[in-house]
Amino acid sequence: MAAAKKAVLGPLVGAVDQGTSSTRFLVFNSKTAELLSHHQVEIKQEFPREGWVEQDPKEILQSVYECIEKTCEKLGELNIDISNIKAIGVSNQRETTVVWDKLTGEPLYNAVAAPVSPGPSDPGAVFPSGSSIPAAGTSSVWLDLRTQSTVENLSKRIPGNNNFVKSKTGLPLSTYFSAVKLRWLLDNVRKVQKAVEEDRALFGTIDSWLIWSLTGGANGGVHCTDVTNASRTMLFNIHSLEWDKELCEFFEIPMKVLPNVRSSSEIYGLMKAGALEGVPISGCLGDQSAALVGQMCFQDGQAKNTYGTGCFLLCNTGRKCVFSEHGLLTTVAYKLGRDKPVYYALEGSVAIAGAVIRWLRDNLGIIKSSEEIEKLAKEVGTSYGCYFVPAFSGLYAPYWEPSARGIICGLTQFTNKCHIAFAALEAVCFQTREILDAMNRDCGIPLSHLQVDGGMTNNKILMQLQADILYIPVVKPSMPETTALGAAMAAGAAEGVGVWSLEPEDLSAVTMERFEPQINAEESEIRYSTWKKAVMKSVGWVTTQSSESGDPSIFCSLPLGFFIVSSMVMLIGARYISGIP
């Protein structure tokens, strides 16, 4: 036992990995990057109306505490002393928006969240006048669509030839980012309005909410965020690295509610409760930036794709901002220390990746667990001409088309659930190819290989399909937890902690699994062009009016109303003419 204990002694670093579907806490050996233990808790999503997705910030916070406690118990069972944990990093789902009361520590509304599979509409949730607001204590997640009309109204105020929002932030005006969610909360939730008026309201993305709560909350909690999360709000100037007064005035956001912006690697505060009380929180990165760091993509032109609820492809562009001509985002990659330079990235996001597997499981019921999809796909080895475009909430990069909705096309009498399962996996790969093509055009240097991570990379069929569809090798690290690893690296490298060296010669060599293309280039191109045809058929399905209308009345359809009334008149007239009593 003593020998086993000595084998894992040395500085350890913990990482909170808070995502849209689960929270995890993982502990790494800072000298070897070995994952020693972890615990995971699933997070509920609420769908008060179609296109609305929310999560409870208090549930998210509680899940963090639970994961930390359970992981510490597991370390104890392994004879690992938790006093060796010298720092904690935080990695989080990014654009999700929380507003809370700084005096009570209570959220003022739910976190606005991602509609992975929208639930039935709630007829009681009618906005804005006489509104029935869903229960307080929730957060606004990244793919929630309720802000579409807010975006349309704001876009009318931007001159066509002077998109100052994009030039300052690197982002298009979209429902995706935090500023419009916060604007919606200020417009529609009286509790939030009142708290702002009384100077009680604090705004933050999930990282801010967690760090504030873990460092004391209403009793001295630190209200901060890092540059990577700030760069996803549409309120942050990515050139000056400050909240932008002009942007805040444009969105009518009071600057007093915003967190202090810090680097991604410095001591923000100490844990004030739980098994790790007194341990510094010293790393903070939005989940995709954390994965870029965890994949050690520190050189210009290195790229990674993370396969989770969505897919996120980031390419490090070094110390220069590259603005995309092909629908990608310019974002802050990381700033690993107060006095260290900022690095930028181009990013393309696929809204629905792992979420499509969840949809097949929860909505269609063709699989009982996410792992089953690989088995189904393997049975047929082809989609048999079936294409699945999972645009459940519109198309994101490179299209940015909110009117799109999901379609399955190319069906024949021969198509079965195995072909649909295969098509779902192909959809993830085709969407990644679209992002990669755009990235290659913007950077001018085609990628020689793609580094991958995330839970879905355990699916070997998916990884092989990805190599075939991209027609370049796909490279997967043997330790797939790169998002948490990146947060741990940032925390361990912070000034005042100093247990993790980020010097190239000190970084641990990582063993990789490599997937080479196994089809010819012509077949790859034919499949890709057919996919693009399917994408075009998914566009233009909904308008803002139809998607946001909550009137359940049968007469909300005027033609249907006329049909029913005229039918009744004709029936009465016919009875009268025929003399039927």
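Residues numbered from 1 in each chain as written. Predicted model: local features only at pLDDT ≥ 70, side-chain atom pairs only at ≥ 80, totals over all residues. Heavy atoms only, no water.

> Describe in detail the environment of glutamate 426, supporting the description with residues and values.
Of note, glutamate 426 is situated in helix α13 (residues 417-443). Owing to a relative accessible area of 4%, glutamate 426 belongs among the buried residues under this scheme. When the C-alpha atoms of glutamate 426 and glutamine 466 are compared, they prove to be 7.8 Å apart, with 40 residues separating the residues in sequence. In contact with glutamate 426, other than residues within four places in its own chain, are Ser383, Cys386, Leu465, Ile469 and Arg527. Among the polar contacts made by the side chain of glutamate 426, one reaches the side chain of arginine 527 at a distance of 2.8 Å. (Helix = DSSP H or I, 4+ residues; strand = E, 2+ residues; numbered from the N terminus. Buried < 20%, exposed > 50% of the residue type's maximum accessible area, 1.4 Å probe, protein only. Contact = heavy atoms within 4.5 Å. Polar contact = N/O pair within 3.5 Å; in protein donor to acceptor, adjacent residues only side chain to side chain.)

> Lay out the pattern of salt bridges with the relevant residues and their values.
The final tally for this structure, using the stated rule, is 28 salt bridges. A salt bridge links arginine 262 to glutamate 266; its shortest N-O distance comes to 2.8 Å. In this structure, arginine 433 engages aspartate 437 in a salt bridge whose closest nitrogen and oxygen atoms are separated by 3.2 Å. Highlighted residues: arginine 433 and aspartate 437, both in helix α13, separated by four residues, approximately one helical turn. Under the relative-accessibility criterion, arginine 433 is labelled buried at 8%. Three or more residues are tied together by salt bridges with common partners; here these are Arg94, Glu95, Arg232, Asp287 and Glu347. (Salt bridge = Lys/Arg side-chain N within 4 Å of Asp/Glu carboxyl O.)

> Just give me the short version of the sheet that holds strand β3 (residues 35-42), but keep the residues and values in it.
Strand pairing within a sheet occurs via backbone hydrogen bonds; the two strands may be parallel or antiparallel. Strand order in the open sheet made by the six strands is β3-β2-β1-β5-β15-β14, with mixed pairing throughout. If you trace the sheet from one side to the other, it starts and ends with β3 and β14 (265-270), each paired once. Put simply, the sheet's adjacent strands are angled 25° from each other on average, direction ignored. Inspection of the sheet shows strand β1 (residues 12-18) paired to strand β2 (residues 22-29) by seven bridges, in the antiparallel sense. (Pairing = 2+ DSSP bridges. Axes fitted to C-alpha atoms, helices over the stretch in contact; angles between N-to-C directions.)

Geometric descriptors of this kind do not, in isolation, establish any biological role.
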